[in-house]
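Listed below, chain by chain, are the residues.
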Amino acid sequence: MNKEEILSRARNEGKGKDLADLEAQKSGAWVAYIVGVLLLIAVDTVNGFVLHYVNRGADFALFSMAFIVFLIKYLRLRKRHELIVAIIWGMLAASMLVVWIMQLAGVI
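Not measured: the values here are computed from a predicted model.

Here is what the cut-offs are and how they apply
- Residues numbered from 1 in each chain as written.
- Predicted model: local features only at pLDDT ≥ 70, side-chain atom pairs only at ≥ 80, totals over all residues.
- Heavy atoms only, no water.
- 1 Å grid on protein atoms, 1.4 Å probe; cavity = no way out; pocket = protein on both sides within 12 Å on 5 of 7 lines; lining within 4 Å.
- Points joined across faces, edges and corners; volume = space filled by probe spheres on them.
- Helix = DSSP H or I, 4+ residues; strand = E, 2+ residues; numbered from the N terminus.
- Nonpolar A, V, L, I, M, F, W, Y, C, P; charged D, E, K, R; others polar.
- Phe/Tyr/Trp six-rings, centres within 6.5 Å; stacked < 30°, edge-to-face > 60°.
- Buried < 20%, exposed > 50% of the residue type's maximum accessible area, 1.4 Å probe, protein only.

I'd like to hear about the layout of surface pockets, residue by residue, with values.
By volume, the largest pocket amounts to about 620 Å³. Lining of the largest pocket is provided by 14 residues; of these, K26, A29, W30, V69 and K73 occupy positions nearest its centre. Sorting the residues of the lining of the largest pocket by element identifies α2 (19–50) and α3 (57–77) as the ones contributing at least two each. In terms of residue count, α3 provides more of the lining of the largest pocket than any other element does, eight residues in total. Residue classes in the lining of the largest pocket are distributed as 10 nonpolar, one polar and three charged.

Dropping the structure here:
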């Protein structure tokens, strides 16, 4: 493959994609995730003080989302750090699933 073929393929890869739109979507998703985490912390805190009970189902869902994000990052980038973070989020998600199931069963 010569230089011209490589340049031609690189030009064709970006066609039909608006890079500014992709960046805006990426940063918007990041901000939405942070806002979701802060709202969940607020809801859990209020439920804990007012109801003396915190439903861990929403925590399970949020931790699972973070697990999937870092797992996909690891699968695409193959960076060890992303795998470690994915494993941590996965363990947190699994623990929240167990607690949530125990809450539903009336054990907790």
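Residues and numbers for the packing of aromatic side chains, please.
Per the counting criterion, the structure on display carries three aromatic pairs. On the numbers, 6.2 Å between centres and 20° between planes, the contact of F60 with W100 is stacked. Of this pair, F60 sits in helix α3 while W100 is found in helix α4 (residues 80–105), placing the two residues 40 residues apart along the sequence. Overall, F60 belongs to the partly exposed group, its relative accessible area being 23%. Residue classification places W100 among the partly exposed residues on the basis of a relative accessible area of 28%.

Could you give me a rundown of the environment of A61, with the residues and numbers involved?
With respect to the helices and strands, A61 occurs in helix α3. Here the alpha-carbon distance between A61 and L97, two residues 36 residues apart in the chain, equals 8.6 Å.

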